[in-house]
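# Coordinate inspection notes
Chain by chain, the residues run as shown.
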Amino acid sequence: MSGAITYISTRGRTEPLGFQDAVMTGLAPDGGLLIPSRIPDVSDRLSEWAELSYPELAFEILRLFSDIPEADLRAMIDDSYRGFRHPDVAPTVQAGGLHILELFHGPTLAFKDFALQFLSRFFEYTLEQRGQHMNILGATSGDTGSAAIHGVRGRKRIRVFMMFPKGRVAPLQERQMTSVLDDNVCNLAVEGTFDDCQLIMKDLFADLPFKRRHQLGAVNSVNWARVAAQIVYYFYAGLRIRTAEGADQVSFSVPTGNFGDILAGWFAARMGLPVSRLVLATNENDILARFFRTGRYQRGDVVETLSPSMDIQVASNFERYLYFRVGENSERLQGLMGHFAEAGSLEIPVEGESGVDPLFAAGVCTREATLDLIRRYHREFGTLLDPHTAVGVAVAETEREEGVPMICLATAHPAKFSAAIRDAIGESAHHPVLDGLLEAPTRCQTVANDRDAVGAVIAGQG
Ligand SMILES: *Cc1c(COP(=O)(O)O)cnc(C)c1O
């Protein structure tokens, strides 16, 4: 099958969309998630791709999914990754026989930059073409907010309003947001909790006249462009390491929260990257690890951990995987999601010993085990891992196979989570960018815990 890829909804009740419309929309109008109508097979291009630079490879992969002119796409990609602080963009180092894929050389020192640097340029390009503007509204407890702000800063036709719970975000994470002084960035410290911020966001998006009048947009993790941009580093690292080690296959270990990152790895495998295992690693919020072992997906209470970006109970991208897992059957998927919405759980049959899917191996790493692992890697290999990465590395150690290189995704720089590092090794981690923030001027507006107050700021009356 060939021809341009279109985007269809997992729930099966949306007319197919082109790439640009799919990315501008984010969520499918029928409430489902948008997925490509077919998955391209690239297995005959692997040796050629192993030689490409990061931006060259990103172009080859993203052009398969997009419908915009190639010169424009190439320029957007080059610009997205130019600001990364390492010439390889996504370099790999070794520790204890594992390969650590450093995804923290972007502007905010976490892997979300890979997607959000690209997505914001894509928005700017499309808005320009269509003569439109967009006001991005977001709610954050830390990481995603700063990656979104640093993507949008200085872009034309887009403004970003980022809400966070006043006094409840780690000081350094807050400064990564509030030190951005560009005119099109508005930080809002809401006098409430993170849940209050999310409620305000839901409320304003549900107010369709308001949403239309102010061209509200979102950059949440279900946007297809975020998944697509993340597919690239699986191929980049996988192909290079496979060649260097003379191996047939590679495995990846992924510290997982909303299932966006590991879903990109699953797509890479479906496209023809030879992957032996995808190791899904969680902290104590283990709904996904339980699913891949037992077939039962059951909501629990969120507990606070050392890896806050993985503190979720309902994984927003999981529905995409589930759709393929039930044979691309929208009816069946709707039944399962309906049951989950009502009863807080769903269940699918498990296939023998290998659990739900032989490609996945799932494991949990507790708080104590995370601290132990950070300590051990620091002492034995001189490598400092952030607590999210440590969760992935801990599970990778038990799931690695002889002769198959194991690539562990390092999703944040350790200096972003300095308190956990201090608990583990008794000293702080540093990065010049973060140290510099302590002196930087900041700007932030405090608003009441009230949708009308936030709405007034967006309307330019607050
Ligand atoms: C967002 C995030 C994760 C989890 O990624 P998902 O795509 O939500 O599974 C892991 N580590 C860090 C540092 C993150 O910011």
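Residues numbered from 1 in each chain as written. Predicted model: local features only at pLDDT ≥ 70, side-chain atom pairs only at ≥ 80, totals over all residues. Heavy atoms only, no water.

## Let's talk about the pairing of strand S10 (residues 275–282)
Looking along a regular strand, one sees side chains alternate from face to face of the sheet. Of all eight residues that make up S10, seven are buried, and the element is covered over most of its length. As paired strands, strand S9 (residues 250–255) and S10 are joined by five bridges and run parallel to one another. Within S10, the residue paired with Val250 across the bridge is Val275. Each parallel crossover has a hand, and for S9 linked through helix H11 (residues 260–271) to S10 it is right-handed. In this sheet, strand S13 (residues 360–364) lies alongside S10 in parallel orientation, the contact comprising five bridges. Directly across from Leu280, in S13, lies its bridge partner Ala362. (Buried < 20%, exposed > 50% of the residue type's maximum accessible area, 1.4 Å probe, protein only. Helix = DSSP H or I, 4+ residues; strand = E, 2+ residues; numbered from the N terminus. Pairing = 2+ DSSP bridges. Right-handed = clockwise from strand over helix to strand, strands pointing away.)

## Some remarks on the site of the ligand
Lining the immediate environment of the ligand, one finds 15 residues, of which Lys112, Asp143, Gly257, Asn258 and Thr411 sit closest. One nitrogen or oxygen atom from the main chain of Phe259 is found 3.1 Å from an oxygen atom belonging to the ligand. The residue makeup of the shell around the ligand, split by class, is five nonpolar, seven polar and three charged. (Near = heavy atom within 4 Å. Polar contact = N/O pair within 3.5 Å; in protein donor to acceptor, adjacent residues only side chain to side chain. Nonpolar A, V, L, I, M, F, W, Y, C, P; charged D, E, K, R; others polar.)

## Side note on the sheet that holds strand S14 (residues 406–410)
For sheets, the rule is that strands pair by backbone hydrogen bonds, running either parallel or antiparallel. The mixed open sheet is built from six strands, whose spatial order is S3-S4-S14-S9-S10-S13. Looking at the sheet topology across the chains shown, the edges are occupied by strand S3 (92–95) and S13. Adjacent strand axes in the sheet meet at a mean angle of 25 degrees, parallel and antiparallel pairs treated alike. In the sheet, S3 pairs with strand S4 (residues 98–102) via four bridges, with the strands oriented antiparallel. Residue Ala95 lies in a different strand from S4, and its bridge partner there is Leu98. Against the sheet, helix H16 (residues 387–399) engages S4, S9, S10, S13 and S14, with an angle of about 130 degrees to S10. (Axes fitted to C-alpha atoms, helices over the stretch in contact; angles between N-to-C directions. Contact = heavy atoms within 4.5 Å.)

## Considering helix H3 (residues 54–65)
With twelve residues, H3 extends 17 Å between its outermost C-alpha atoms, agreeing within 8% with the 16 Å of an ideal straight helix rising 1.5 Å per residue. Among all positions of H3, only Tyr54, Leu57, Ala58, Phe59, Glu60, Ile61, Leu62 and Phe65 are buried. (Expected span 1.5 Å × (residues − 1).)

## Some remarks on the pattern of salt bridges
Under the counting rule described, the total for this entry stands at 21 salt bridges. Note that Arg130 is salt-bridged to Asp21, the shortest N-O span being 2.9 Å. Taken as a pair, Arg130 in helix H5 (residues 112–130) and Asp21 in helix H1 (residues 19–25) lie far apart in primary sequence, 109 residues in all. Assessed through its relative accessible area of 35%, Arg130 is described here as partly exposed. One salt bridge in this structure joins Asp182 and Arg153, with 3.0 Å as the shortest N-O distance. With Asp182 in the loop between helix H7 (171–178) and strand S7 (185–190) and Arg153 in the loop between helix H6 (143–152) and strand S6 (158–165), this residue pair connects regions lying 29 residues apart in the sequence. Judged by relative accessible area, which is 23%, Asp182 ranks as partly exposed. (Salt bridge = Lys/Arg side-chain N within 4 Å of Asp/Glu carboxyl O.)

## Let's talk about unusual backbone geometry
Of note in this structure, Leu109 is not a glycine but carries a positive phi near 65 degrees. Note on placement: Leu109 falls in the loop between S4 and H5. Although it is not a glycine, Glu328 sits at a positive phi angle of roughly 55 degrees. Residue placement: Glu328 occurs in the loop between helix H13 (318–325) and helix H14 (330–343). Since its relative accessible area comes to 43%, Glu328 is described here as partly exposed.

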